[in-house]
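A structural walkthrough
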Amino acid sequence: MKKAVTYTDESALVAALKAKDRDAFNYLYDNYCKALFGVIDRIVQSEEIANDVLQEAFVKIWKNIDSYSHEKGSLFTWMLNICRNLSIDTARSKQYRQETQNQNIDDYVNVINKSEHVQVRTDHIGLKEVIAKLKPEHKLVIDKIYFEGYTHEEASDELNIPLGTVKTRIRMAIIKLRELLAN
């Protein structure tokens, strides 16, 4: 029986992924799929579609790992952005809109119930506690953009604040999150 591979730090994992080590990829999937699925599902609001997007995201991660740079952020943040962007693209696609318009009434009730559920499903990776330490106005824009899939413009409209203010709050929140995660 094969021994489970573990990685003590992110740089070792990234090096193994860039070397196209399948055990590293399996480790990556096993340790990050639930957190990424939660973000994707929150945006597309369909478990079936979220599974498809998650699979597409991991293929993209595997193929594009060479473009990852630790100077631009953590591996998780990089993967989160890939998942978020794919989710938003999927939600905006014509096929997605047609599929959601053609749901039967029982399925649609589940979508409505899920959309009213506002708790961010990041408990299992500890992000909820870290994000809770942000100023309320920073937490609000982070929730809208990174966990609900809003664009900057949509968040600006939804929160009734200028686009520049949204971008500034995101930047300030990310700076604060880096500080909190470094400690």
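Residues numbered from 1 in each chain as written. Predicted model: local features only at pLDDT ≥ 70, side-chain atom pairs only at ≥ 80, totals over all residues. Heavy atoms only, no water.

**Examining the environment of Tyr 27**
Convention followed: In this description a helix means any DSSP run of H or I spanning at least four residues, a strand means any run of E spanning at least two, and both kinds are numbered starting from the N terminus. It only takes one pair of heavy atoms within 4.5 Å for two residues to be counted as in contact.
Along the chain, the position of Tyr 27 falls in helix 2 (residues 22-44). Residues Tyr 27 and Leu 17, spaced 10 residues apart in sequence, show a C-alpha to C-alpha distance of 9.9 Å. Each residue touching Tyr 27, except ones within four places of it in the same chain, is listed here: Val 5, Thr 6, Tyr 7 and Leu 13.

**A closer look at helix 2**
Threshold: Expected helix span is taken as 1.5 Å per residue step, with the number of steps being one fewer than the number of residues. Axes are fitted to the seven residues ending at a residue and to the seven starting at it; the angle between these axes is taken as the bend at that residue. Polar contact is defined as a pair of N or O atoms within 3.5 Å, subject to the rule that within protein one atom must be able to donate a hydrogen and the other to accept it, and that residues adjacent in sequence are counted only when both atoms are side-chain atoms.
With 23 residues, helix 2 should cover 33 Å at 1.5 Å per step; its first-to-last C-alpha distance of 29 Å lies more than 12% under that length. Maximum bend of helix 2: about 50°, positioned at Tyr 32. Among the residues of helix 2, the N-terminal cap falls to Asp 21, whose side-chain oxygen and the backbone nitrogen of Asp 23 are separated by 2.7 Å. Where helix 2 terminates, the next one or two residues include Gln 45, which has phi positive at roughly 55°.

**A look at the nonpolar core**
Nonpolar side chains in soluble globular proteins tend to end up buried together. For the record, the criterion: In these notes, a set of buried Ala, Val, Leu, Ile, Met, Phe, Trp, Tyr and Cys residues joined through side-chain atoms within 4.5 Å is what counts as a nonpolar core. Note on exposure labels: buried denotes an accessible area under 20% of the residue type's maximum, exposed denotes more than 50%, and partly exposed covers the range between, all computed with a 1.4 Å probe on protein chains only. Boundaries of every domain are those given by an automatic assignment or by a domain database.
Counting 53 residues, the largest nonpolar core has Leu 13, Leu 28, Leu 36 and Leu 75 as the members making the most contacts within it. The element best represented in this core is helix 2, accounting for 13 residues. Per-domain counts for this core show at least three residues from each of domain 1 (1-119) and domain 2 (120-183). In this view, Leu 28 contacts Leu 13, Leu 17, Cys 33, Phe 58, Ile 61, Leu 75 and Met 79; residues no more than four positions away in its chain are not counted.

**Here we look at the packing of aromatic side chains**
Our working definition: Two aromatic rings from Phe, Tyr or Trp, using only the six-membered ring of Trp, form a pair when their centres are within 6.5 Å; if the ring planes differ by under 30 degrees the pair is stacked, by over 60 it is edge-to-face, and anything between is tilted.
This structure, assessed with the given rule, holds 6 aromatic pairs. Taking the centre distance of 5.0 Å and the plane angle of 65° together, the rings of Tyr 7 and Tyr 27 count as edge-to-face. Placement of Tyr 7 in the segment before helix 1 (10-18) and of Tyr 27 in helix 2 is noted, with a sequence separation of 20 residues between them. The burial state of Tyr 7 is the same as that of Tyr 27; both residues are buried.

**Here we look at the pattern of salt bridges**
The line we're drawing: For this analysis, a salt bridge means a side-chain nitrogen from Lys or Arg found within 4 Å of a carboxyl oxygen belonging to Asp or Glu.
Evaluated as defined, the whole model comprises 3 salt bridges. Between Glu 154 and Arg 92 there is a salt bridge; the shortest N-O distance is 3.6 Å. Placement of Glu 154 in helix 9 (residues 152-159) and of Arg 92 in helix 4 (residues 75-92) is noted, with a sequence separation of 62 residues between them. Residue Lys 176 pairs with Glu 179 through a salt bridge whose shortest N-O separation is 3.8 Å. Of this pair, Lys 176 and Glu 179 both sit in helix 10 (residues 163-182), separated by 3 residues, roughly a single helical turn. The class for Lys 176 is partly exposed, based on a relative accessible area of 34%.

**Looking at the packing of helix 3 (residues 47-64) against helix 4**
Relative orientation and spacing of two packed helices are given, respectively, by the angle between their axes and the distance between those axes. Put simply, the test is: Only C-alpha atoms enter the line fits that serve as axes; for helices the fit covers just the stretch in contact. Angles between N-to-C directions range over 0 to 180 degrees. Here is the rule for angles: anything less than 35 degrees is roughly parallel, anything more than 145 is roughly antiparallel, 65 through 115 is roughly perpendicular, and the remaining ranges are oblique. With the far helix as reference, a near helix turned anticlockwise by less than a right angle produces a left-handed crossing, and one turned clockwise produces a right-handed crossing. Each residue is assigned to one class: nonpolar for Ala, Val, Leu, Ile, Met, Phe, Trp, Tyr, Cys and Pro, charged for Asp, Glu, Lys and Arg, and polar for all the others, Gly among them.
The contact between helix 3 and helix 4 brings their axes to 9 Å, and the two run at 135°. By the angle between their directions, the pair helix 3 and helix 4 is classed as oblique. When you trace helix 3 past helix 4, the crossing you get is right-handed. Contact with helix 3, carried on its side by Ile 49, Val 53, Glu 56, Ala 57, Lys 60, Ile 61 and Asn 64, involves Trp 78, Met 79, Ile 82, Cys 83, Leu 86, Ser 87 and Thr 90 of helix 4 and no other residues of that element. For the contact of helix 3 with helix 4, the residue count by class is 9 nonpolar, 3 polar and 2 charged.

By themselves these figures say nothing about function.
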